[in-house]
Amino acid sequence: VNPVVTEIAVFYYGFVCWKSRKLKENEFSYHRDSGTVPLLAAIIFIVAIETFVLHSLLLKWSPTAAWILTGISIYSGLQLFGFLKSMQKRPFSLEDDRLCLRYGIMSETEIDLGNIESVEISSTDLEPDKETRRLSFLGALESHNMVIRLKEENQLTGLYGRTMKYRNLAFYVDDKTEFRDLIESRLDNLNKKQKKRADGSQDI
């Protein structure tokens, strides 16, 4: 099911969903200043140029092979375009006691606020290990300015339903200070609620 859903999402965001989307108070963008948009746009441009050149060369050898390769290249370019547009439509959001991190349609995860150990503004290079992941499917090609560390292991879902476990997650958010402050404020409220419940239970 996941591959089919992914293909439908690529078509939807690439060719159907054109209306601009305003951020709500609990939502945060991550594509404006990260450099990902220019990078993906450059990749699409390179794919277009290479497709034209290879198509011209292969036509002399095999028209069938030339058109097959061209079709694959065009499809890949359309996928990248759909990925690019989906980033603008699926911002990060803080909903009740859950943090929803969606990197377009490429990857996503939901984190219970109670599972967050720390929220750090950091762009320091990360040591690769099994507990540390990047939200971006571009990996180290995209910089990060935020790291969330969890108390317990969580799951990150990537393209076509691929899943990965993590305890530390690195990603980029445009307004990093406001993002961190809002999460810490929600964490403080959550801790106060839990303490109040604990005190009430003791009184009983």
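In this report, we go over the structure that sits alongside the text. This structure is a prediction, so every number in the text was calculated from the model and none was measured.

Details of the overall build of the protein chain
For step 1, the next point in the chain: A tally of regular secondary structure across the protein chain gives four helices and eight strands.
For step 2, the next point in the chain: Secondary structure elements of the protein chain, listed N to C terminal, follow the sequence α-β-α-α-β-β-β-β-β-β-β-α.
For step 3, the next point in the chain: Residues classed as buried in the protein chain amount to 39% of the 204 residues present.
For step 4, the next point in the chain: Total accessible area computed for the protein chain in this model is approximately 12,400 Å², and 56% of it derives from carbon and sulfur atoms.

Side note on helix 2 (residues 36–59)
For step 1, the next point in the chain: Under the 1.5 Å per step criterion, the end-to-end length of helix 2 is 34 Å for 24 residues, consistent within 8% with the ideal 34 Å.
For step 2, the next point in the chain: Contact partners of the buried residues in helix 2: helix 3 (63–89) and strand 3 (98–103).

With respect to the packing of aromatic side chains
Pairs of aromatic rings are described using the distance from one ring centre to the other and the angle between the two planes.
For step 1, the next point in the chain: Taken as a whole, this structure holds eight aromatic pairs when the rule is applied.
For step 2, the next point in the chain: Ring centres of tyrosine 30 and phenylalanine 92 lie 4.5 Å apart, and the angle between their planes is 15°; this geometry places the pair in the stacked category. One end of the pair, tyrosine 30, is in the loop between strand 1 (27–28) and helix 2; the other, phenylalanine 92, is in strand 2 (residues 92–95), and 62 residues separate them in sequence. Of the two residues, tyrosine 30 and phenylalanine 92, both sit in the buried class.
For step 3, the next point in the chain: Taking 5.5 Å as the distance between ring centres and 85° as the angle between the ring planes, the aromatic pair formed by phenylalanine 92 and phenylalanine 171 counts as edge-to-face. A residue pair is termed long-range when its members are at least 10 positions apart, and phenylalanine 92 in strand 2 and phenylalanine 171 in strand 8 (residues 163–171) qualify at 79 residues.
For step 4, the next point in the chain: The buried category is assigned to phenylalanine 171, whose relative accessible area is 3%.
For step 5, the next point in the chain: A network of ring pairs unites the aromatic residues Phe28, Tyr30, Phe83, Phe92, Tyr103, Phe137, Phe171 and Phe179 as a single cluster.

Things to note about the packing of helix 2 against helix 3
The axes of two packed helices give the description: the angle between them and the distance between them.
For step 1, the next point in the chain: Put simply, helix 2 and helix 3 touch, their axes get as near as 9 Å, and they point 170° apart. By the criterion of interaxial angle, the relationship of helix 2 to helix 3 is roughly antiparallel. Only Pro63, Ala65, Ala66, Trp67, Leu69, Thr70, Ser73, Gly77, Leu80, Phe81, Leu84 and Met87 of helix 3 make contact with helix 2, whose side of the interface consists of Thr36, Val37, Leu40, Ile43, Ile44, Val47, Thr51, Leu54, His55, Leu58 and Leu59.
For step 2, the next point in the chain: For the contact of helix 2 with helix 3, the residue count by class is 17 nonpolar, six polar and no charged.

Brief notes about the side chain of threonine 51
For step 1, the next point in the chain: Inspection of the secondary structure assignment puts threonine 51 in helix 2.
For step 2, the next point in the chain: With relative accessibility at 12%, the residue threonine 51 sits in the buried group.
For step 3, the next point in the chain: Those residues in contact with threonine 51 that lie beyond four places of it in its chain are Thr70 and Ser73.

A word on unusual backbone geometry
For step 1, the next point in the chain: The phi torsion at aspartate 96 lies on the positive side, around 55°, for a residue other than glycine.
For step 2, the next point in the chain: Note that aspartate 96 resides in the loop between strand 2 and strand 3.

Considerations on the side chain of arginine 102
For step 1, the next point in the chain: Note on placement: arginine 102 falls in strand 3.
For step 2, the next point in the chain: A polar atom in the side chain of arginine 102 sits 3.4 Å from the side chain of serine 93.

What to know about the pattern of salt bridges
For step 1, the next point in the chain: Enumeration according to the criterion identifies six salt bridges in this entry.
For step 2, the next point in the chain: Among the ionic pairs, glutamate 110 bridges to arginine 98, the shortest N-O distance being 2.7 Å. With glutamate 110 in strand 4 (residues 107–112) and arginine 98 in strand 3, the pair connects residues that are 12 residues apart, well separated along the chain.

So, how was this worked out
- Residues numbered from 1 in each chain as written.
- Predicted model: local features only at pLDDT ≥ 70, side-chain atom pairs only at ≥ 80, totals over all residues.
- Heavy atoms only, no water.
- Helix = DSSP H or I, 4+ residues; strand = E, 2+ residues; numbered from the N terminus.
- Buried < 20%, exposed > 50% of the residue type's maximum accessible area, 1.4 Å probe, protein only.
- Areas by Shrake-Rupley, 256 points an atom, 1.4 Å probe, with all protein chains shown as cover.
- Expected span 1.5 Å × (residues − 1).
- Contact = heavy atoms within 4.5 Å.
- Phe/Tyr/Trp six-rings, centres within 6.5 Å; stacked < 30°, edge-to-face > 60°.
- Axes fitted to C-alpha atoms, helices over the stretch in contact; angles between N-to-C directions.
- Parallel < 35°, antiparallel > 145°, perpendicular 65-115°, else oblique.
- Nonpolar A, V, L, I, M, F, W, Y, C, P; charged D, E, K, R; others polar.
- Polar contact = N/O pair within 3.5 Å; in protein donor to acceptor, adjacent residues only side chain to side chain.
- Salt bridge = Lys/Arg side-chain N within 4 Å of Asp/Glu carboxyl O.

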